[in-house]
Amino acid sequence: MDKTRIVKTLRWQDETQTQAFAQALAARPALRTATLELQGDLGAGKTTLVRHLLRALGVAGRIKSPTYAVVEPHQAQTPDGLLNIWHFDFYRFNDPREWEDAGFRDLFASPGLKISEWPEQARSVLPVPDLEIRLSVAEDDSRMATLTARTPCGEALLA
Ligand SMILES: Nc1ncnc2c1ncn2[C@@H]1O[C@H](COP(=O)(O)OP(=O)(O)O)[C@@H](O)[C@H]1O
Ligand SMILES: [Mg+2]
């Protein structure tokens, strides 16, 4: 069964436009419990988008890329209270047992925002995301983003 509900395609000419999208997404109340997946080749702009999103949500300090740790936890002080955020990068994830052992199942069951880069690497264990964002680099170096909502929460993020 295809759970696709809404698909949107956007073009970001430069990082400022990527940032503007991140700021608009950060303003959505539905984001507080959402799961996002970011797909695209190395250099497509996945981590850049996540950094702008975390900044827009109010995360202060250095935002490390989780490539070696698989997950980097963050917290943001928002007008609606403290928000827990987990930024995953499954690029080097190759043992599904780690899903249980490292407590990822518990993290995904917790309230907060979960963002995954390289979800393809953990497909057998990851839940269906609310919103899938597929990035690619166009010839003029702008970024094409295909956004697919897979749940009502994802629909609310794109509405
Ligand atoms: N419109 C854009 N949106 C996002 N990143 C862009 C854009 N244009 C150029 N870039 C650059 O592309 C690179 C993307 O790197 P990164 O976000 O680490 O990619 P990924 O996490 O997908 O491997 C960064 O150096 C960023 O500055
Ligand atoms: Mg990255």
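The coordinates are above.
Overview of the structure. As the structure is a computational prediction, the values presented were derived from the model and not from experiment.

## A look at the coordination of the magnesium ion (ligand 2)
Next up, step 1: Donor atoms from the polypeptide that bind the magnesium ion (ligand 2) are Thr47 (OG1) and Glu117 (OE), placed at 2.1 to 2.4 Å. With Thr47 in helix α2 (residues 46-57) and Glu117 in strand β5 (residues 113-117), this pair connects stretches of sequence that are 70 residues apart.
Next up, step 2: Given the relative accessible area of 2%, Glu117 is considered buried.

## Some thoughts on the packing of aromatic side chains
Next up, step 1: Enumeration according to the criterion identifies 11 aromatic pairs in this entry.
Next up, step 2: For the ring pair Phe88 and Phe104, a centre distance of 5.3 Å and an interplane angle of 85° mean the geometry is edge-to-face. A residue pair is termed long-range when its members are at least 10 positions apart, and Phe88 in strand β4 (residues 81-89) and Phe104 in helix α4 (residues 104-109) qualify at 16 residues.
Next up, step 3: With centroids separated by 5.2 Å and ring planes inclined at 80°, the aromatic side chains of Phe90 and Phe93 adopt a geometry described as edge-to-face. One exposure class covers both Phe90 and Phe93, and it is buried.
Next up, step 4: Taken together, the ring pairs in this structure connect Phe88, Phe90, Phe93, Trp99, Phe104 and Phe108 into an aromatic cluster.

Rules used in this analysis
- Residues numbered from 1 in each chain as written.
- Chains lettered and ligands numbered in written order.
- Predicted model: local features only at pLDDT ≥ 70, side-chain atom pairs only at ≥ 80, totals over all residues.
- Heavy atoms only, no water.
- Donors = N, O, S within 2.8 Å, 3.2 Å for Na, K, Ca; no water.
- Helix = DSSP H or I, 4+ residues; strand = E, 2+ residues; numbered from the N terminus.
- Buried < 20%, exposed > 50% of the residue type's maximum accessible area, 1.4 Å probe, protein only.
- Phe/Tyr/Trp six-rings, centres within 6.5 Å; stacked < 30°, edge-to-face > 60°.

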